[in-house]
Number of protein chains: 4
Amino acid sequence: MEGLKLITDNKLETNITVGDTVIGGDEVVIMAGPCAVESKEQLFITAGALKELGVKILRGGAFKPRTSPYAFSGLGEDGLKMLQDVSNTTGMAIITEVMNPNEVPMVAEYADILQVGSRNMQNFPLLQAVGNTNKPVLLKRGLAATITEWLFAAEYILAEGNQQVILCERGIRTFETYTRNTVDLSAVPIVKNLTNLPIIVDPSHATGINELVNPVSKGAVAMGADGLLIEVHPNPREALCDGEQSLTPEQFADLLVELEPICKAVGKRLHTICKKNS
Amino acid sequence: MEGLKLITDNKLETNITVGDTVIGGDEVVIMAGPCAVESKEQLFITAGALKELGVKILRGGAFKPRTSPYAFSGLGEDGLKMLQDVSNTTGMAIITEVMNPNEVPMVAEYADILQVGSRNMQNFPLLQAVGNTNKPVLLKRGLAATITEWLFAAEYILAEGNQQVILCERGIRTFETYTRNTVDLSAVPIVKNLTNLPIIVDPSHATGINELVNPVSKGAVAMGADGLLIEVHPNPREALCDGEQSLTPEQFADLLVELEPICKAVGKRLHTICKKNS
Amino acid sequence: MEGLKLITDNKLETNITVGDTVIGGDEVVIMAGPCAVESKEQLFITAGALKELGVKILRGGAFKPRTSPYAFSGLGEDGLKMLQDVSNTTGMAIITEVMNPNEVPMVAEYADILQVGSRNMQNFPLLQAVGNTNKPVLLKRGLAATITEWLFAAEYILAEGNQQVILCERGIRTFETYTRNTVDLSAVPIVKNLTNLPIIVDPSHATGINELVNPVSKGAVAMGADGLLIEVHPNPREALCDGEQSLTPEQFADLLVELEPICKAVGKRLHTICKKNS
Amino acid sequence: MEGLKLITDNKLETNITVGDTVIGGDEVVIMAGPCAVESKEQLFITAGALKELGVKILRGGAFKPRTSPYAFSGLGEDGLKMLQDVSNTTGMAIITEVMNPNEVPMVAEYADILQVGSRNMQNFPLLQAVGNTNKPVLLKRGLAATITEWLFAAEYILAEGNQQVILCERGIRTFETYTRNTVDLSAVPIVKNLTNLPIIVDPSHATGINELVNPVSKGAVAMGADGLLIEVHPNPREALCDGEQSLTPEQFADLLVELEPICKAVGKRLHTICKKNS
């Protein structure tokens, strides 16, 4: 990082606690759920299936950044209320995206983790706004961001006094068109070497392909990722957003079974299915 | 654009008028000035030199998006006031960047053209905010944005009712490290074919190298660009931002002399030095 | 170039002479013809049309590198003989690609300029083989080659004693999919600053799109290119290779008319249509 | 693959046998050794250390493709003879690179596996030449090759009648400069889905950084790679080529210990240290 003294360089262990889940410790934490909150029904079905598998953090977008202004862009605060309902019912924590610095206080009332999406990685007013909350922030890597730029973006949040930053690798843009993006799994050990921040991987956006979510998840954990952010939808074919990369609850359950031995092989435990296995 | 009917597809000629300058017509329009507003003195010296050369639109950043939170990030509203002073004195129009949707109304009081920077090309709340003003918007292409994504970003502004969008190619991120970015001059004729929007080129950010500003400017005009956005600083070595790519006023004057025959070769006039030549 | 003393760093003017054509001097030289030699008829029709427009260097591939082993890969030595026939009849010089170090002596008997394609830019045995001939070599930039790597590839040829290297920018691979490649026109002035070698641009492969050949050609010349390599086919729709980027002879003639004032604007003459204009 | 019927599409299991090692089956095969053959001493020390750890395939370059014509480019046939000596003494199989179609028969006399480097992935005469041998071919992915292009390159070899092709992912060129290349580990499951060919990963070239070889190796195996190609040098600081990415024999031994549980977690065995553990 070019001789700069950064808060991100601090090598003290930083574990981030959400409810009774610790991110950045000995457990591999799974955050799962639909790309977008579409309806109460969709959300309760998904959350129910995930909770049975021990998932404690539910993802779901109420504000969706979309390339086209004419695409479905989320239910807004109504979606946040649905997430809150599910949280109240299931006890699951909520991670959801915030796009507008203005809306940070409002979203922070509903969310347990604030997500900053890859398009906003260098939206500096937004970084400062989430840096001024006391909520953990999941900071996705920008599509064309170097690791150095990504850590500087984290530094914007840390510099405001919020030390709870979780980094999320979600694929970078390259010439390869077979996958939606090219997942840069090397970023996991590099970030681990350079900083004390937890890092997770989003295999769903990184690949854009249902059947690649499983192997990329395994690779990520083998390389030291602290967790995964996975899209699960009860009926991917009818999803309003990113159906082709969503797992069904059954596929997700199979993935957890295959992930567990990888977690053990690297000296960790899989957070998610502890309950189920006990 | 995948069968979508977009406002950007409209092939009616759209000329955008700023003061007595028409962007998108027979004239090649030059916007020039320092990367960042640093002081009244710096701004007046630069603006004075540019006005003598016929430049009618002054650029200068008061809000600067910077990779590091610890770098100089502009003078904020004080900078805007300095720009207004210069505008009042010289009659030049002002183009300046806005980063926060909140601040759009305030910046719009000072600026004649609102600039959305490349990091914010998909900052959708910001696009909607500038789309709700009546000021022309210069929309820079994102570092890793396809032309399709860029036009969809323009569509966000147009869809709010503001038809005055100027596109600005400023280089994309590739593997080549000799230049700061790789200028994609093909984007100029492609955008001209696909839309009715004016497109200009920023050779300063596109290359990051002083001596490449001249040839890239000539290439851009030969390929049909409606204008150029060029960094000029009275003393590039002492610039607080991007000095290595800024032209001195003398270099800028030389560039205009070389640009004029290129403009003529493509059937246009160079807006800038009309006065000087008369 | 990292402190290395390279032959490419030599700033003495290097003009390369092919017949009575000088490449690297005051004239913008046009090399044109079909992507692949398909038949005698196709070649004679094309060459006849080009010769009338003053073109003195005919391009045509007899050995075609193709992604798939099942695609048309050229007529081989039969194609070279057709090129020789046309050359004997029209007096035009021939540029054609060589792919195999073994075949360099054979191809060099037929060709006036040996072309090394972008896939072979770092095929070092091939570079050494063409470096051991006394024929000018046109060295295309690799799809993912930095300018530094490209100049080192030229150095392989120069180091064998052959000083007649012409560099050819033909687009690099980026994330943008609208065009076949992204033409890096900045490479033209950079190469001019760093070396004494002539540089030309191939707008046909760089864009892959018929209607972009014209504007990219104009940009290239405005930025200092010493020439252009352009695909022309009498019937692009029936071309066995790269038809979608080939110009008809009529489109090519129109291009020359538009190029001439650009050449003048940068203090050069267009080599090609001298005859026609006299 | 766009509707083409390719030999690479054949889903029959293809295992490739080298001595008593089977590539593509239940074992994860490790090929290791120095980047370049430098001397008999260097080679015997390295091979001795590797043999003790159960490595059965020794890598070492005698013909080295180098960006600069003035860099060390290998010992040529003398290097091949040293590899043969080591093979005779240790019983290890040899994998080494061939660059020139001419030299394929000669290199094939010494090598058990012929390596085609990434710069030569689309050197079609070379692909055809190795396709005409009866030796297994390791085909590295080109720096800017899509997976589709890579499989077509394999098809060139298969089409000549040689079915023994091993694919090797070694990183692609992206904008990220922290690592030498960006390893595209998604390619492993994609290739597994599309073809019957074994695929291995080269973590040394993919990252260019000593401490990343370990995590990338683990990720590759977790994602289904059939093996690894790893640079090991007795004294990396004095290596004539790529020292900064070579492991010491001690680091390599540590890696094997960490790899074994990952192999088990995905239902495979680590070929290499079977002996040691028994």
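Residues numbered from 1 in each chain as written. Chains lettered and ligands numbered in written order. Predicted model: local features only at pLDDT ≥ 70, side-chain atom pairs only at ≥ 80, totals over all residues. Heavy atoms only, no water.

Okay, the overall build of chain A next. Assigned secondary structure in chain A consists of 10 helices and 11 strands. Buried positions account for 68% of the 278 residues belonging to chain A. For chain A, the proportion of contacts with a sequence separation of at least 24, taken over those separated by at least 6, is 69%. Per element, the accessible surface of chain A, about 9,100 Å² overall, is 46% carbon and sulfur. Averaging the locations of the 24 positively and 33 negatively charged side chains of chain A gives two centres separated by 2 Å. (Helix = DSSP H or I, 4+ residues; strand = E, 2+ residues; numbered from the N terminus. Buried < 20%, exposed > 50% of the residue type's maximum accessible area, 1.4 Å probe, protein only. Contact = heavy atoms within 4.5 Å. Areas by Shrake-Rupley, 256 points an atom, 1.4 Å probe, with all protein chains shown as cover. Lys, Arg positive; Asp, Glu negative; His and termini not counted. Charge placed at Lys NZ, Arg CZ, Asp CG, Glu CD.)

Attention now moves to the relation of the copies chain B and chain A. The two copies are related by a screw motion: chain B maps onto chain A through a turn of 180° and a shift of 0.0 Å along the axis, at an RMSD of 0.0 Å. On the angle and the small slide along the axis, the relation comes out as a two-fold axis. Residues of chain B ranked by C-alpha distance from the rotation axis are headed by alanine 144 of chain B, positioned 2.9 Å from it. In this assembly, 100% of the residues forming the interface of chain B have copies in chain A that are likewise at the interface, indicating an isologous arrangement. (Least-squares fit on C-alpha atoms with pLDDT ≥ 70 in both.)

It is worth spelling out the interface of chain B and chain A at this point. Each side of the interface is counted separately: chain B has 29 residues, and chain A has 29 residues. Here chain B and chain A share an interface that buries about 2,500 Å² over both sides, 58% of which is from carbon and sulfur atoms. It is Thr67, Tyr70 and Arg173 of chain B in chain B that bury the most area against chain A; as a group they hold 21% of the surface buried on that side. Between chain B and chain A we count 2 salt bridges in total. In this assembly, chain B and chain A are joined by 13 residue pairs in polar contact (both at pLDDT 80 or more). For the side of chain B that touches chain A, the elements supplying multiple residues, two or more each, are helix H4 (124-131) and helix H5 (147-159) of chain B. With 5 residues, H5 of chain B is the largest single contributor of residues to the side of chain B that touches chain A. Broken down by class, the residue content of the side of chain B that touches chain A amounts to 16 nonpolar, 8 polar and 5 charged. (Buried area = accessible area lost by both parts, 1.4 Å probe. Salt bridge = Lys/Arg side-chain N within 4 Å of Asp/Glu carboxyl O. Polar contact = N/O pair within 3.5 Å; in protein donor to acceptor, adjacent residues only side chain to side chain. Nonpolar A, V, L, I, M, F, W, Y, C, P; charged D, E, K, R; others polar.)

Each of the two chain copies goes to the other by way of a rotation about an axis and a shift along it. When chain A is brought onto chain D, the operation consists of a screw motion whose angular component is 180° and whose axial shift is 0.0 Å, with 0.0 Å RMSD remaining. By residue overlap, the copies meet face to face through one surface: 100% of the interface positions of chain A are interface positions in chain D.

In this section: the packing of aromatic side chains. Residues and elements named next belong to chain B. With the rule as written, the count across this model stands at 4 aromatic pairs over all chains. Geometrically, the ring pair formed by phenylalanine 124 and tyrosine 156 is stacked, given 4.3 Å between the ring centres and 20° between the ring planes. You can see phenylalanine 124 sitting in helix H4 and its partner tyrosine 156 sitting in helix H5, a full 32 residues away along the chain. For phenylalanine 124, a relative accessible area of 2% puts it in the buried group. (Phe/Tyr/Trp six-rings, centres within 6.5 Å; stacked < 30°, edge-to-face > 60°.)

Time to look at the pattern of salt bridges. For the structure shown, the criterion picks out 48 salt bridges over all chains. Where arginine 173 of chain A meets glutamate 149 of chain B, a salt bridge forms, and the shortest distance between an N and an O atom there is 2.7 Å. Of the two residues, arginine 173 of chain A is situated in the loop between strand E8 (165-169) and helix H6 (187-194) and glutamate 149 of chain B in helix H5; the pairing between them involves two chains. Its relative accessible area of 18% is what places arginine 173 of chain A among the buried residues. A salt bridge links arginine 59 of chain C to glutamate 231 of chain C, with the shortest nitrogen-to-oxygen separation between them at 3.8 Å. Of this pair, arginine 59 of chain C sits in strand E4 (residues 57-59) while glutamate 231 of chain C sits in strand E10 (residues 227-231); the two residues are 172 residues apart in sequence, bridging distant segments of the chain. No difference in accessibility class separates arginine 59 of chain C from glutamate 231 of chain C, as the two residues are buried. One network of salt bridges, with partners in common, ties together Arg141, Glu169 and Asp184 of chain A together with Glu176 of chain D.

Take alanine 159 of chain B: it is sitting in helix H5. It is 7.5 Å that separates the C-alpha atoms of alanine 159 of chain B and glycine 131 of chain B, two residues lying 28 residues apart in sequence.

This brings us to helix H2 (residues 77-90) of chain A. Residue and element names in this part refer to chain A. Its 14 residues give H2 an end-to-end C-alpha distance of 20 Å, which sits within 8% of 20 Å, the value for a rise of 1.5 Å per residue. Those residues of H2 not exposed but buried are Gly79, Leu80, Met82, Leu83, Val86, Ser87 and Thr90. Buried residues of H2, seen end-on, are gathered within an arc of 160° and therefore sit on one face of the element. Along H2, exposed side chains directed more than 90 degrees from the buried face belong to Asp78, Asn88 and Thr89. Those residues of H2 hidden inside the fold are in contact with helix H1 (40-52), strand E4 (57-59), strand E5 (93-97) and helix H3 (104-110). A positive backbone phi angle near 80° is found at glycine 91, which sits one or two residues after H2. (Expected span 1.5 Å × (residues − 1). Arc of directions from axis to C-beta.)

All right, on to the pairing of strand E6 (residues 113-116) of chain D then. Residues and elements named next belong to chain D. Of the two faces of E6, the one lined by Ile113 and Gln115 and the one lined by Leu114 and Val116 are each fully buried. Of the crossover connections in this fold, the one passing from strand E5 (residues 93-97) over helix H3 (residues 104-110) to the parallel E6 is right-handed. Where E6 lies against strand E7 (residues 137-140), 3 bridges are found, and the strand directions are parallel. Residue pairing in the sheet places leucine 114 in a bridge with valine 137 of E7. Handedness of the E6-helix H4 (residues 124-131)-E7 crossover: right-handed. (Right-handed = clockwise from strand over helix to strand, strands pointing away. Pairing = 2+ DSSP bridges.)

Interpretation in functional terms is not warranted from these geometric data alone.
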